[in-house]
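Analysis of the macromolecular model
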Amino acid sequence: MFFKGSRYAGVEEGTLAGDDGREIRYVRTRFIPRTAARFGHVVAESERLDQLAWRYYRDAERFWRICDANATLWPDDLVEEAGRTIVIPPSE
């Protein structure tokens, strides 16, 4: 259902029966795993997570690895304050 490398790629799927008898597919809750950090990064003014993911992983779509390591659900929260130190995990 999800592309390889997606944060949801390994999450279990489920199904429900709708009131009209249709089968409804869904993805179960993805809990944020404990993610070890490789090093810290001090956020600069106007930086974005996709830029940081490109810098460290050469893949802008892997920004979610940084979110997991910093235990955040809202990516923009990590870079809204210049000078904040966030942790950068390994790419895998």
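As for its placement among the helices and strands, Phe 2 is situated in the segment before β1 (13–17). Phe 2 has contacts with Tyr 8, Ala 9 and Val 27, leaving out every residue within four places of it along the chain.

Confidence in the prediction for the protein averages 88 pLDDT; 97% of positions are at 70 or higher. Within the protein, the lowest mean pLDDT, 89, falls on β1, and the highest, 96, falls on strand β4 (residues 85–88).

Once that is clear, we can look at a nonpolar patch on the surface. Taken together, Ile 32, Leu 73 and Trp 74 make up a surface patch of nonpolar side chains, about 370 Å² in accessible area. Note on placement: Ile 32 falls in the loop between β2 (23–27) and β3 (39–42). Owing to a relative accessible area of 33%, Ile 32 belongs among the partly exposed residues under this scheme.

The subject of this paragraph is a negative patch on the surface. On the surface, Asp 76, Asp 77, Glu 80 and Glu 81 cluster together to form a negatively charged patch. Position of Asp 77 relative to the elements: it lies in helix α3 (residues 75–79).

As a further point, take the nonpolar core. Membership of the largest hydrophobic core is limited to 11 residues, which are Val 43, Leu 49, Leu 52, Ala 53, Tyr 57, Ile 66, Cys 67, Leu 78, Val 79, Ile 86 and Ile 88. Among the secondary structure elements, those contributing two or more residues to this core are α1 (49–57), α2 (63–69), α3 and β4. Looking at this core, the element that brings in the most residues is α1, giving 4 residues. Among all residues touching Ile 88, those that are not within four sequence positions of it are Ala 37, Arg 38, Phe 39, His 41, Tyr 56, Tyr 57 and Ile 66.

Further remarks concern the side chain of Arg 65. Topologically, Arg 65 is positioned in helix α2. Of the side chains with opposite charge, Asp 68 comes closest to the buried, unpaired Arg 65, at an N-O distance of 5.1 Å. At 3.5 Å, the side chain of Arg 65 and the backbone oxygen of Ser 91 are in polar contact. Apart from the residues within four sequence positions on either side, Arg 65 is in contact with Thr 35, Tyr 57, Pro 89, Pro 90, Ser 91 and Glu 92.

Here the focus is the pairing of β1. Summarising the sheet, β1 and β2 pair through 5 bridges and their orientation is antiparallel. Residue pairing in the sheet places Ala 17 in a bridge with Glu 23 of β2. Between β1 and β2, which pair antiparallel in sequence order, lie 5 residues; one of them, Gly 21, sits at a positive phi of approximately 90°.

A few words now on α1. Taken as a whole, α1 has its buried residues at Leu 49, Leu 52, Ala 53 and Tyr 57. Buried residues of α1, seen end-on, are gathered within an arc of 100° and therefore sit on one face of the element. Of the surrounding secondary structure, the elements contacted by the buried residues of α1 are β3, α2, α3 and β4. Positive phi appears at Arg 58, one or two residues downstream of α1, with a value of about 60°.

How each quantity is defined
Residues numbered from 1 in each chain as written. Predicted model: local features only at pLDDT ≥ 70, side-chain atom pairs only at ≥ 80, totals over all residues. Heavy atoms only, no water. Helix = DSSP H or I, 4+ residues; strand = E, 2+ residues; numbered from the N terminus. Contact = heavy atoms within 4.5 Å. pLDDT = per-residue confidence, 0-100. Patch = residues over 30% accessible without salt bridge, like charges linked within 9 Å, V, L, I, M, F, W, Y side chains within 5 Å. Areas by Shrake-Rupley, 256 points an atom, 1.4 Å probe, with all protein chains shown as cover. Salt bridge = Lys/Arg side-chain N within 4 Å of Asp/Glu carboxyl O. Buried < 20%, exposed > 50% of the residue type's maximum accessible area, 1.4 Å probe, protein only. Lys, Arg positive; Asp, Glu negative; His and termini not counted. Charge placed at Lys NZ, Arg CZ, Asp CG, Glu CD. Core = buried A, V, L, I, M, F, W, Y, C linked by side-chain atoms within 4.5 Å. Polar contact = N/O pair within 3.5 Å; in protein donor to acceptor, adjacent residues only side chain to side chain. Pairing = 2+ DSSP bridges. Arc of directions from axis to C-beta.

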